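# Remarks on the overall topology
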Amino acid sequence: MTTHDAPPTNDARTSSSGGPDTPADAVAAGNTGAPLDPRQEEQSILYVGMDLGTSRTAVAASNGTREDTFSTIGYPKDVVSRKLLGDGPLFGAEAMAKRLSLSMYRPLEKGVIKAGGEDDDGNAKAARDLVQHAIRLAKPRPDQLVYAVIGTPAEASIKNRKAILDAAKEVVDSVIIASEPFAVAYGLDILTDALVIDIGAGTVDLCRMHGTMPEPEDQITLSHAGDAVDKVLADLIRKNHPELQFSERMVSAAKEQYATVRKSDGNIVVTWPVNGKPTEVDITAEMHEACHSIVPPIADALGKLVASFDPEFQSVLRGNVLLGGGGSRIRGLGDALAAYMTEHLGGGNVTTVEEPVYAGANGALKIGRDMPAEYWEQLA
Ligand SMILES: Nc1ncnc2c1ncn2[C@@H]1O[C@H](COP(=O)(O)OP(=O)(O)OP(=O)(O)O)[C@@H](O)[C@H]1O
Ligand SMILES: [Mg+2]
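Residues numbered from 1 in each chain as written. Chains lettered and ligands numbered in written order. Predicted model: local features only at pLDDT ≥ 70, side-chain atom pairs only at ≥ 80, totals over all residues. Heavy atoms only, no water.

## A word on the overall build of the chain
Regarding its fold elements, the chain presents 15 helices and 18 strands. Taking as baseline every contact in the chain between residues at least 6 positions apart, the subset at least 24 positions apart corresponds to 69%. When the accessible surface of the chain is summed, it comes to about 17,600 Å², and 51% of that surface belongs to carbon and sulfur atoms. (Helix = DSSP H or I, 4+ residues; strand = E, 2+ residues; numbered from the N terminus. Contact = heavy atoms within 4.5 Å. Areas by Shrake-Rupley, 256 points an atom, 1.4 Å probe, with all protein chains shown as cover.)

Following this line, the structure appears as C-alpha cells:
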C-alpha cells in the first residue's frame, strides 16, 4: 500500500506558485486585488482549516495547532446536572462520557447541518457551538482575525452553505467553503490525474482532479458511508444473534477496532451481554458483509466519473484513486475496491492516505493560505 504524507503547512504559501496549472493558479488568474504582505497577514490573521465532519471535526491552523474532537455536544439536562457539570456545553469525548446527564446533539447528518427535522433550533445552536469550540481549539489570539476554510460534502447545497455561514459568523471573520475531497487532494498537492475519495461517517465524497477547480460534474456525494456501515452491521448482528444485548455505540466501537474486508484477518469475537451475562460471540461474517457494503456504490460512482471523462485520460484516472477519511481505515478496502474495479471497469489502482484525521483540515488550511482576497466571504 502506498501512502502519502500530508505536507507541512509551513510551506503551503510557497506551493501556490508551484505550476501554472494548479487550481490555485487557475483561480488566481482572475485576481485583480493586490495581495497582502504575507508577514503582515500572518501576524494579524489566523488561518484555520476546518474539516467539519458528521462524526469528527478537525482543525489545522497557521499557528501550527492540530486538534480534533467528536462532533458531539451535550447540554446539562436539569438543575442537578448543571450543579454537577456547570452550565456547559460539553464537547466530544467528555460529552460522551457524561451523556446520561446531558441532552446530546450531533448537529451534522450526512455531512450537512441537520434541518427540517424535530429540533432545528437545537441543532443550529449545537452547530454554532461546535464551530466556536473548533475555532477555540485553534487558539486564536484575541487581536487576530480568523479566516477559516470549512470543508463540506462535495455536492453541498446552497441551503447547507448558508447553515454553515450562520454557524460560523460569530467567531469567523472571513470564510471559504470548500468541498472535502478537493481539500484532501489540495493538501496532498494532488491537483491533476487523480480521483479522490473521502469516506466519512455521513457521506462518501468523490472528486475528479484534472488541474483546475473541480466543477459539479467532477464530484459525487454518496450517503452510504460509515454510519450506514454501522447500521448494516447492527442489523446483521441483531438478525443472526437475537439474544445479544448491544447499543449503537458498541457496534461502532467494534467496527472501529476490527473493520476489515479481508478474510485472512482472522475471527472477530466480541464479548457482549446475553441476559446480562458477558458472552463471546463471533461476528466475523457480519463485519465482512457490513464493511464490504460500501464497495459497490463507491466503485459504481468511480465508474461514472471515469466514463464521463475524456477517453484519452480515463485509464490515468482509474490508475490513481486515492482514499481518505476515517472509513478508509477499513482493512483491505483499497484492495477490495481495486479488485472490484478490475472486474467491472477493466482495471484500477487504489492508494490510502496516511493521516486520514487531518488530511481534510490540512488541505483546507492550505487552500486558505493560497487563495487571494476576493475568494473570501466576509462575515464580520
Ligand atoms: N479504524 C476504523 N475502521 C473503520 N472505520 C473507521 C475507523 N475509524 C473511524 N472509522 C469510521 O470513519 C467514520 C468517520 O470518519 P471521518 O472522521 O472522516 O468522518 P466525518 O468527517 O466526521 O464525516 P463526514 O465526512 O461524512 O461528515 C466513522 O464512520 C467511523 O466509524
Ligand atoms: Mg469528513
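## Concerning the pairing of strand β16 (residues 321-324)
On β16, burial covers both faces: V321 and L323 on one face and L322 and G324 on the other are all buried. Inspection of the sheet shows strand β11 (residues 192-199) paired to β16 by four bridges, in the parallel sense. Looking across to β16, one finds that I197 is bridged to L323. Bridging between β16 and strand β17 (residues 350-352) involves three bridges; their strand directions are parallel. For L322, the partnering residue across the bridge sits in β17 and is T351. (Buried < 20%, exposed > 50% of the residue type's maximum accessible area, 1.4 Å probe, protein only. Pairing = 2+ DSSP bridges.)

## Focus: the sheet that holds β17
The mixed open sheet is built from five strands, whose spatial order is β13-β12-β11-β16-β17. Each end of this open sheet is capped by a strand with a single partner; those strands are β13 (219-222) and β17. Adjacent strand axes in the sheet meet at a mean angle of 20 degrees, parallel and antiparallel pairs treated alike. (Axes fitted to C-alpha atoms, helices over the stretch in contact; angles between N-to-C directions.)

## As for the site of ligand 1
Residues in close proximity to ligand 1 total 23 residues, the closest being T54, S55, R56, G202 and E256. Between ligand 1 and G326 there is a distance of 2.8 Å, counted from an oxygen atom to a backbone nitrogen or oxygen. Taking 650 Å² as the accessible area of ligand 1 by itself, protein coverage stands at 94%. Broken down by secondary-structure element, the contributors of at least two residues to the shell around ligand 1 are β11, α9 (226-240) and α10 (248-258). Tallied by class, residues from the shell around ligand 1 come to four nonpolar, eleven polar and eight charged. Counting contributing residues, the shell around ligand 1 receives three or more from each of domain 1 (9-189 + 357-378) and domain 2 (226-292). (Near = heavy atom within 4 Å. Polar contact = N/O pair within 3.5 Å; in protein donor to acceptor, adjacent residues only side chain to side chain. Nonpolar A, V, L, I, M, F, W, Y, C, P; charged D, E, K, R; others polar. Domains from an automatic or database assignment.)

## Thoughts on the environment of V172
Along the polypeptide, V172 turns up in the loop between α7 (158-168) and β10 (174-179). On the accessibility criterion, V172 (1% relative accessible area) is buried. It is 5.2 Å that separates the C-alpha atoms of V172 and V146, two residues lying 26 residues apart in sequence.

## Description of the sheet that holds strand β5 (residues 90-91)
Spatially, three strands are ordered β5-β4-β6 in an open sheet, and the strand pairing comes out antiparallel. Where the open sheet ends on each side, the last strands, each with one partner, are β5 and β6 (102-105). Pairing analysis gives four bridges linking strand β4 (residues 73-76) to β6, with the strands arranged antiparallel. Residue pairing for β6: G74 is matched across the bridge by M104. This element, helix α6 (residues 120-137), spans β4, β5 and β6 of the sheet and lies at about 110 degrees to β4.

## Things to note about the packing of aromatic side chains
On inspection of all chains with the given rule, the structure shows seven aromatic pairs. On the numbers, 5.6 Å between centres and 80 degrees between planes, the contact of Y75 with Y105 is edge-to-face. Placement of the pair is Y75 in strand β4 and Y105 in strand β6, with a sequence separation of 30 residues. Classification of Y75 by relative accessible area gives buried; the value is 15%. Seen in terms of ring centroids, F182 and Y186 are 5.6 Å apart; in terms of plane orientation they differ by 50 degrees. Their pairing is tilted. One end of the pair is F182 and the other is Y186, both in helix α8 (residues 180-187) and four residues apart, which spans about a single turn. Judged by its relative accessible area of 3%, Y186 is buried. An aromatic cluster of at least three residues, connected via ring pairs, comprises Y47, Y147 and W376. (Phe/Tyr/Trp six-rings, centres within 6.5 Å; stacked < 30°, edge-to-face > 60°.)

## Notes on the environment of Q132
Its place among the elements puts Q132 in helix α6. Taking the C-alpha atoms as reference points, Q132 and V171, separated by 39 residues in sequence, lie 6.1 Å from one another. The residues touching Q132, leaving out its near neighbours within four places in the chain, are E170 and V171. Within the local environment of Q132, its side chain forms a polar contact with the side chain of E170, the two groups lying 2.9 Å apart.

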